[in-house]
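# Residue-level structural notes
Each chain is listed here by its residues.
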Amino acid sequence: MVRRFSIFLSFASASISSGAETVVTFEKDVRPILKAQCFHCHGEDGETKGGLDVRLARSILKGGKSGVAVVPGKALESHLLKLVKDGEMPKGKAKLNDSQINTIERWIAQGAKTARPEPEKLGPEHAFTDEERAWWAFQPIQKPAEPTLVNGAAIANPVDVFVAAKQQEKSLSFSPAADPVTFIRRATFDLTGLPPTPAEVAAFLEAHLRDEPSSKRHLIERLLASPAYGERWGRHWLDIAGYADSDGYTDKDLERKYTYKYRDYVIQAWNSDKPFDEFIREQLAGDEMVPQPHKNLSADAIRKITATGFLRMAADGTGAMNDKIAQNSTIADTLKIISTAFYGMTIGCAQCHDHRYDPITQEDYYRLRAIFEPGFDTKSWRTPAGRLVSLLTDADRAKGAVIEQEAKKLDAARLTKQEEFITEVLEKELAKADEKDREALRKAYCTVAKERKPEQVALLKAHPKVNQLSAGSLYLYDSTYKTKHADTLKKMTDEATAVRSKKPLEEFLHAFDEQPKKPEAIPATFLFHRGDIEQPKQAVKPGDLTVLAGRRQVEVPEKSPALPTTGRRLAFAQSLTDGKHPLLARVLVNQVWMRHFGKGLVNTPGDLGQLGERPSHPELLDWLAAELMENGWSMKHLHRVLMNSVTYQQSSQREAERERIDPDNRLLSRMNVLRLEAETLRDSLLMVSGRLESRVGGEPVPVTYNEQGQIIIGKDTRDTAGRQTGKLAPLNGLEYRRSIYIQARRSMPLEVFAAFDAPAMTEANCASRPVTTVSPQSLLLMNNLYMREHAQDLAQRVTREAGADLEEQVKRAWQLCYARSPSLTDLGAALEFLKAQTAHYQAHPTKLEHVNAPAEKNNAAPELLGLAAFCHALMSSNEFLYVD
């Protein structure tokens, strides 16, 4: 009894103590629940079902048609609490969870308190509570002072100081430094998306022995200077931008022929370390930086307009079905891309109503839309083909006109000759007819078809060889005519075609090019009731999120007097990148951190709002954001800061005690092991097999279906009915280009891309790729014909470089795949495997296989096939797939 009583006292004491410490207020605790679940029917947009408005505590206490909703201090007598406990409210939604119900119950029990006096009316200025305005992501970015460490240890890199301070709170510390082979492999994959070569590894190991810190710095600089850096980090940005080489939206998934120019712009921007604020401004408003009209463009103007391809990445089905729904979908997806890329917020959730969790109103959504409305212009919508910007200059057009006149002369001569030939054949055919019919037959043939009389039509049908006579049918009459007449005409046609081929080629930009308009013609933006495009309400002016209004200008001028276009996007871009916006720099550095460490400091990079995760290291996030802006928005500077840190250079080895204290490694006491992305995996396979084609930029390498219905790299050789012909068009090495250059058709992702989580952009964009582990991945690595071809190529490379000695072959293959030599145990097992596989193929001869070419005629050497099987095993292993 005594023991039970003491337990009860302890429990009661703890409860009382806990209750005293935690005061539940409407604004901080209850309103967020009601906003997410109840505002839609009880207060928002004038809707007050049952006469109850739950947006203010005062109106809840007042109650509705059913009487008093809440009795302060008496939870059991409160009708509102009974309804949510019984699951009757919210109607049409899932029941509130126990934690939410408990919060409401405690609030009522404590007297239904508010944190401060409530406003008499809920005008726009009262849209948000102080608690909402105080959300961490909306606070100004200030560079925090470095924390003081417990042991007073001197740490040079501020990144390590912030990380170490958090570790010390949990009695953790950094792991030992990664070994040099692990480090060069990690750094090379991080910055270039490719594995290091054996020669690069050997050179680094030698430099590392002489001077470890210097060798790492020099390695990082070499990798940052590589053209492959822009391809690697450009790919990351293309995920965020929602890049695709097709329109999507409909099953037709029409190709975008010129999107690749934006892709090349992105790669070049990363390689040149273009200041990221400039990079953003060009993508949002590059066309407004270039004088109108957009013709005879300079290289700088072309680059700026190309950058606006960012605003044309969203799926756009209006080329196939141009209706209001398709138009609105394109605009909505574009706004999602913008909000993900620059805000890290789910602004799209406010398209139909106020955001349920974050301080973003429905009007905010349409204020943002109003910035881009003049460029989209639903009143005069331009389909994708109509939005292309021509690069043909006036001089090119003039030159082309002169060439066209020359070609037309050849056309005229051909037509004259053609008429001569037709007349000659006609006379010969008429001579075969009865003499009494010849003149009538001649007259019927020479009469325009639609003006022929019935008797003329009947006469021609009776003489089909006359009736069918045309320029296209001359070759049918006899071999003499074919040689003398039709071949001559073909030669003359070819001559005209050859002349026309000298005309300057007209290229286009897939760009967002706002058309100048008179003020009265600028399209207005309306708030759509419940997001319904058929229910426009009040007009909305352009602007940024109103929750930021207390600290910065959020209105965007409707029309710039200095520009022929509205200038809205340029004004917005300048405001966004002014160095004082609270979201942009945080979003950017979080994305870069995530690419290096596998997880962001905020582990929901597309959602820095209430439903996202809180920052694991908020002070470090702000320090990095300020550091980026203070150093000219240089991403290469940010890489240097991160990669020269102990945090980045430490080992990824797990230890039981670290795992117990911090199982998710959010405190970074070791490096995270990362799996290769889909494109990096394919590029690595090409690299180690010696096949990688390293040219930068240009048109995408096409994808198509093979006869088995699989998507492969190749030219479409189907007939006009869409049937397979079995033909294989040579690609001349294009199939070995890096994956960033493979055509990104939304409906046709390569199998390796789909299996290893590359986004197909069926959604607007991808702020963070999932990392799945599923059986199709293993099956692909084992059975995919591309994998077998990569293994064959690697085996042939190893044979060339290591000769016929099996031990040397194993060592070379190991170095190429893993950047290290095999252990004695690995070497012994590999030699046994090689011998067994060679014996297998001696008993079962087979040929080498190819995706884009027929199988070879002769059986391959058993030794090569055995080595290919060994290479296949190396390429399919976890050591190949993961980076420590």
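Residues numbered from 1 in each chain as written. Predicted model: local features only at pLDDT ≥ 70, side-chain atom pairs only at ≥ 80, totals over all residues. Heavy atoms only, no water.

### Observations regarding the overall build of the protein
The following threshold applies: Working definition: helices are DSSP H or I runs of at least four residues, strands are E runs of at least two. Numbering for both runs from the N terminus. Each residue is placed in one exposure class: buried if its accessible area under a 1.4 Å probe, protein chains only, is under 20% of its type's maximum, exposed if it is over 50%, and partly exposed if it falls in between. Only the protein chains shown count as cover for residues, and the accessible areas themselves come from Shrake-Rupley with a 1.4 Å probe. When charges are counted, neither His nor the chain ends are considered; positive counts come from Lys and Arg and negative counts from Asp and Glu. Every charge is mapped to an atom, namely NZ of Lys, CZ of Arg, CG of Asp or CD of Glu.
Helix and strand content of the protein: 35 helices and eight strands. If one aligns the C-alpha atoms of the protein with their principal axes, the spans along those axes are about 130 × 80 × 55 Å. The burial tally for the protein puts 50% of its 884 residues in the buried class. Of the roughly 41,200 Å² of accessible surface on the protein, 54% is carried by carbon and sulfur atoms. For the protein, the distance from the average site of its 119 positive side-chain charges to the average site of its 119 negative ones is 3 Å.

### Let's talk about the nonpolar core
The line we're drawing: We call a set of buried Ala, Val, Leu, Ile, Met, Phe, Trp, Tyr and Cys residues a nonpolar core when their side-chain atoms join them within 4.5 Å. Two residues form a contact once any of their heavy atoms are found within 4.5 Å.
Trp237, Tyr262, Leu284, Phe310, Phe342, Phe372 and Leu624 are the most contacted members of the largest nonpolar core, which totals 113 residues. Those residues within four positions of Phe342 in sequence are excluded, and the remaining contacts are Trp237, Ile280, Leu284, Phe310, Leu576, Leu583, Leu584 and Val587.

### Some remarks on the side chain of Lys216
For clarity, the threshold we go by: Pairs of N or O atoms within 3.5 Å make up the polar contacts considered here, provided that, within protein, one atom can donate a hydrogen while the other can accept it, and that residues adjacent in sequence are counted only when both atoms are side-chain atoms.
On the secondary structure map, Lys216 appears in helix H10 (residues 212-224). Take Lys216: its relative accessible area is 3%, and that puts it in the buried class. Within the structure, Lys216 has its side chain in polar contact with the side chain of Glu212 (distance 3.0 Å). Sequence-distant contacts of Lys216, that is, excluding residues within four places in its chain, are made with Phe183, Phe204, His208 and Gln649.

### As for the side chain of Asn706
Take Asn706: it is sitting in the loop between strand E6 (703-705) and strand E7 (711-713). Of the residues examined, Asn706 reaches a relative accessible area of 14% and is grouped as buried. At a separation of 2.8 Å, a polar atom in the side chain of Asn706 contacts the main-chain amide nitrogen of Gln710. Other than its neighbours up to four places away in sequence, Asn706 contacts Ile712 and Gln724.

### Regarding helix H13 (residues 276-285)
Counting buried residues along H13, eight of its ten residues qualify, which places the element largely inside the surrounding structure. All of the buried residues along H13 are Phe276, Asp277, Phe279, Ile280, Glu282, Gln283, Leu284 and Ala285.

### Some remarks on unusual backbone geometry
With the exception of glycine, most residues fall at negative phi, and the peptide bonds are largely trans. Cis peptide bonds are those with omega within 30 degrees of zero, and the linkage from Met89 to Pro90 qualifies with 0°. Mapped onto the secondary structure, Pro90 falls in the loop between helix H4 (79-85) and helix H5 (98-109). Cis geometry marks the peptide bond from Gln292 to Pro293, where omega comes out at -5°. Along the chain, Pro293 turns up in the loop between H13 and helix H14 (299-307). Phi at Asn732 takes a positive value of approximately 55°, unusual for a residue other than glycine. Looking at the secondary structure, you find Asn732 in the loop between E7 and helix H29 (751-755). Given a relative accessible area of 68%, Asn732 falls into the exposed group. Backbone geometry at Asp757 places phi at a positive 75°, although glycine is not the residue there. Locating Asp757 in the fold gives a position in the loop between H29 and helix H30 (775-783). Since its relative accessible area comes to 11%, Asp757 is described here as buried.

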